Amino acid sequence: MAITVQRTAEDVSAPTASATRVSPLQPPRARRQNRLTRAWSRTPGRLALIMAGLLALVAVLAGVTVTTANTKTDATWELAERHEPTAADVQRLYRALSEADATAASTFLAAQNASLELRKRYEDDIALAGQTIGLAAVDRGTDPRVAREIDTISRQLPVYAGLVEAARANNLQGLPIGAAYLREASHVMRTQILPAAERLYTIQADRVAEERADAVRFPYLAAGLLLVTLIALVATQVYLWRHFGRRLNLGMVVATAALIVGLLWSSVALTLHATSAADARPDRVTALGQARIVALQARANELLTLVARGNGAQYEEQFDELADELVGKDGKSGLLAKARQDAEGDVAAALANTAGATRSWLEGYREVRKLDNGGRHGEAVERAINEGAAGASAPAFAQLDAGLERALQASREQFVDDIVTAARSLTLLTPGWAVLSVVAAGGIAYGLRERLREYR
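Residues numbered from 1 in each chain as written. Predicted model: local features only at pLDDT ≥ 70, side-chain atom pairs only at ≥ 80, totals over all residues. Heavy atoms only, no water.

### Re the overall build of the chain
Our working rule: By definition, any uninterrupted DSSP run of H or I lasting at least four residues is a helix, any uninterrupted run of E lasting at least two residues is a strand, and each is numbered from the N terminus. Only protein chains enter the accessibility calculation, which uses a 1.4 Å probe; a residue is then buried when its area is under 20% of its type maximum, exposed when over 50%, and partly exposed in between. Any two residues having at least one pair of non-hydrogen atoms within 4.5 Å are treated as being in contact. Accessible surface area values rest on a Shrake-Rupley calculation with a 1.4 Å probe, where residue burial reflects the displayed protein chains alone.
Within the chain one finds 17 helices and zero strands. The buried share of the chain, taken over its 456 residues, is 46%. Considering only intrachain contacts with a sequence separation of at least 6, the fraction spanning at least 24 residues in the chain is 80%. When the accessible surface of the chain is summed, it comes to about 22,700 Å², and 57% of that surface belongs to carbon and sulfur atoms.

The structure is reproduced here in structure tokens:
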């Protein structure tokens, strides 16, 4: 069947002199506008301008979508491989410092009977703190806040360790000044080192939360450009249908189909990405880490009360405050209840026995206080630090701490698994959009070139 080409009068009529004459006195911008006006007034010129506009729009869309997909993929992988591990290192630093404070008090109370294991635990905590200080600076080494907190810890940690050693040496000789050295060491830990470590952890935890929020943020610019491009393609096909009598233009159909495939692919990938990233909740890890730190601080206050030998009212008050924060005034709320509320899988299993262990520890603490207040200091110390003593608080606390450590590790693994799943959902999206953009541009060029050929 012969193809009938419909042309309007504007295509066959000769242009008037006023329409084609260009004054040399006109500025370049005006001359360019005149040329565009003349091109748009004829169908071939109009088709050429439409093709150029569509190709430019697809090029911008390709740049934005490829950049967006690549940025989201990189940010998600960095969250799993860099930011979260650094936050875990900082939390480990805080835990090591808190545990060192409690272990130092246990070692002091045990004096000549202190086991090698107890002494080694303290030394390991100090060594771990020294190692993780450098790791804490890896993720945000240029942040002046990080440098300031690391400097505080680095300067004060040797001071703390020196005071502990002085306390130990004097205590082994039976000199009462050893207790004063230990209280001063604990004061340095609680007023300078631990607050700096807490601020450091807050900085990194905020970074993890910010990166996660950025990773799941909806790509408004890319979505808007894609919608505008699809509308432009549909409008062009309507124009071609009305002026050429062709219902379908193969090239434009291919271009539209390529962008629709990209739209559907992106919708599914980004939905899976957002769902997995939403399941990765850093607040769960933070809550468990905070619960363990509060428990360790309370344990240190329990032991420092015994070190003070009748002058530890401030430590008793701090213990009560920390116990309320851990389990609430009713013994059924607080940080532990909050952690158990959202727990599932391995985390829930690890926390299953912590409620009973906490009750046993707090009951043991009350018995220790009764013995100490009743003048039976030696028995109180035995109950507090000897895990084999009847009704001792030490084994119950050890069970609580072990459960929190397992829960914290399991929670971290769940977080990383969810983030990795989110990152994998974007696999091939970046090269995919690059290919689809090339297909769309080729379809546009082919479809409109065929119409332009009809005017040669």
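### Quick notes on the nonpolar core
Formally: Think of a nonpolar core as a cluster: buried Ala, Val, Leu, Ile, Met, Phe, Trp, Tyr and Cys residues, connected wherever their side-chain atoms sit within 4.5 Å.
Leu97, Tyr122, Ile153, Tyr160 and Ile193 are the most contacted members of the largest nonpolar core, which totals 47 residues. Only α4 (43-110), α5 (116-136), α6 (144-172), α7 (177-216), α10 (282-308), α14 (354-373) and α15 (377-385) provide two or more residues apiece to this core. With 13 residues, α7 is the largest single contributor of residues to this core. The contacts of Ile153, once residues within four sequence positions are left out, are Leu93, Ile133, Pro158, Ile193, Ala196, Ala197 and Leu200. If you look at the next biggest cluster of nonpolar residues, it comprises 37 residues, including Leu288, Ala323, Ala396 and Phe415.

### Looking at the environment of Trp265
Considering the arrangement of structural elements, one finds Trp265 in helix α9 (residues 250-279). Measuring from C-alpha to C-alpha, the distance between Trp265 and Leu429 comes to 7.9 Å, with 164 residues separating the pair along the chain.

### A closer look at the pattern of salt bridges
Under the convention used in this document: Counted as salt bridges are all cases of a side-chain nitrogen of Lys or Arg within 4 Å of a carboxyl oxygen of Asp or Glu.
Under the defined criterion, the tally for this structure stands at 20 salt bridges. One salt bridge in this structure joins Glu123 and Arg119, with 3.2 Å as the shortest N-O distance. Placement of the pair is Glu123 and Arg119 together in helix α5, with a separation of four residues, close to one helical turn. Judged by its relative accessible area of 41%, Glu123 falls in the partly exposed class. Look at Arg119 and you get buried, because its relative accessible area is 16%. The salt bridge partner of Glu405 is Arg292, with a shortest N-O separation of 3.5 Å. Taken as a pair, Glu405 in helix α16 (residues 394-424) and Arg292 in helix α10 lie far apart in primary sequence, 113 residues in all. Here the salt bridges do not stand alone but share partners, grouping Arg95, Glu99 and Asp125 into one network.

### Description of the packing of α10 against α16
So the rule is basically this: To define axes, lines are fitted to C-alpha atoms, for helices over the stretch in contact only, and angles between the resulting N-to-C directions are given on a 0 to 180 degree scale. Roughly parallel refers to an angle under 35 degrees, roughly antiparallel to one over 145, roughly perpendicular to one between 65 and 115, and oblique to any angle outside these ranges. If you view the pair so one helix is near and one far, a crossing is left-handed when the near helix is turned anticlockwise from the far one by less than a right angle, and right-handed when it is turned clockwise. In this count, Pro and Cys sit with the nonpolar residues alongside Ala, Val, Leu, Ile, Met, Phe, Trp and Tyr, while Asp, Glu, Lys and Arg are called charged and the others, Gly among them, polar.
Between α10 and α16, the least distance of the axes is 9 Å, while the angle of their chain directions is 160°. As judged from the angle between their axes, α10 and α16 are roughly antiparallel. Crossing of α10 against α16: the hand is left-handed. Taken together, the residues of α16 that come into contact with α10 (itself represented by Pro282, Arg284, Val285, Leu288, Gly289, Ala291, Arg292, Ala295, Leu296 and Arg299) are Ala394, Phe397, Leu400, Asp401, Leu404, Glu405, Ala407, Leu408, Ser411, Arg412 and Phe415. When the residues that make up the contact of α10 with α16 are grouped by side-chain class, the tally is 13 nonpolar, two polar and six charged.

### Thoughts on the confidence of the model for the chain
As a reminder, the rule being used: Within a predicted model, pLDDT stands for the predictor's per-residue confidence, ranging from 0 to 100.
Averaged over every residue, the pLDDT of the chain is 82; residues scoring 70 or more account for 84%. Note on residues 1-23: pLDDT is under 50 here. Beyond four places in sequence and across chains, it has 23 contacts.

### Observations concerning unusual backbone geometry
The backbone of Leu428 sits at a positive phi, close to 70°, despite the residue not being glycine. Looking at where Leu428 falls in the secondary structure, it is placed in the loop between α16 and α17 (429-453). Owing to a relative accessible area of 55%, Leu428 belongs among the exposed residues under this scheme.

### Let's talk about the packing of aromatic side chains
Formally: Two rings from Phe, Tyr or Trp (for Trp, the six-membered ring) form a pair when their centres sit within 6.5 Å of each other. Planes less than 30 degrees apart are called stacked, planes more than 60 degrees apart edge-to-face, and all others tilted.
Applying the stated criterion to the full structure yields four aromatic pairs. With centroids separated by 5.7 Å and ring planes inclined at 75°, the aromatic side chains of Phe319 and Trp361 adopt a geometry described as edge-to-face. Remark: Trp361 occurs in helix α14 and Phe319 occurs in helix α11 (residues 313-327); sequence separation between them is 42 residues. Judged by its relative accessible area of 1%, Trp361 is buried. Taking 3.7 Å as the distance between ring centres and 20° as the angle between the ring planes, the aromatic pair formed by Phe319 and Tyr365 counts as stacked. Remark: Tyr365 occurs in helix α14 and Phe319 occurs in helix α11; sequence separation between them is 46 residues. Chaining the aromatic ring pairs together yields one cluster made of Phe319, Trp361, Tyr365 and Phe397.

### Considerations on helix α12 (residues 334-341)
Applicable threshold: Taking the helix axis as origin, the arc is that swept by the directions to the C-beta atoms.
All of the buried residues along α12 are Leu335, Leu336 and Ala339. The arc enclosing the buried residues of α12, seen along the axis, measures out at 100°, which places them on a common side. The outward face of α12, more than 90 degrees from its buried face, is lined by the exposed residues Lys338 and Gln341. Residues of α12 that are buried make contact with α10, α11, α13 (346-351), α14 and α16.

### Overview of a nonpolar patch on the surface
Our working rule: A patch consists of residues exposed above 30% relative accessible area that lack any salt bridge, with like charges linked at up to 9 Å and nonpolar side chains (Val, Leu, Ile, Met, Phe, Trp, Tyr) linked at up to 5 Å.
Together, Leu250, Val254, Val435, Val439 and Tyr446 give the surface a local cluster of nonpolar side chains, amounting to about 430 Å² of exposed area. The set of elements that each furnish at least two residues to the nonpolar patch consists of α9 and α17.

### Let's talk about the side chain of Glu211
Note on placement: Glu211 falls in helix α7. Under the relative-accessibility criterion, Glu211 is labelled buried at 17%. Once residues within four sequence positions are removed from consideration, Glu211 is found in contact with Ala75, Leu79 and His83.

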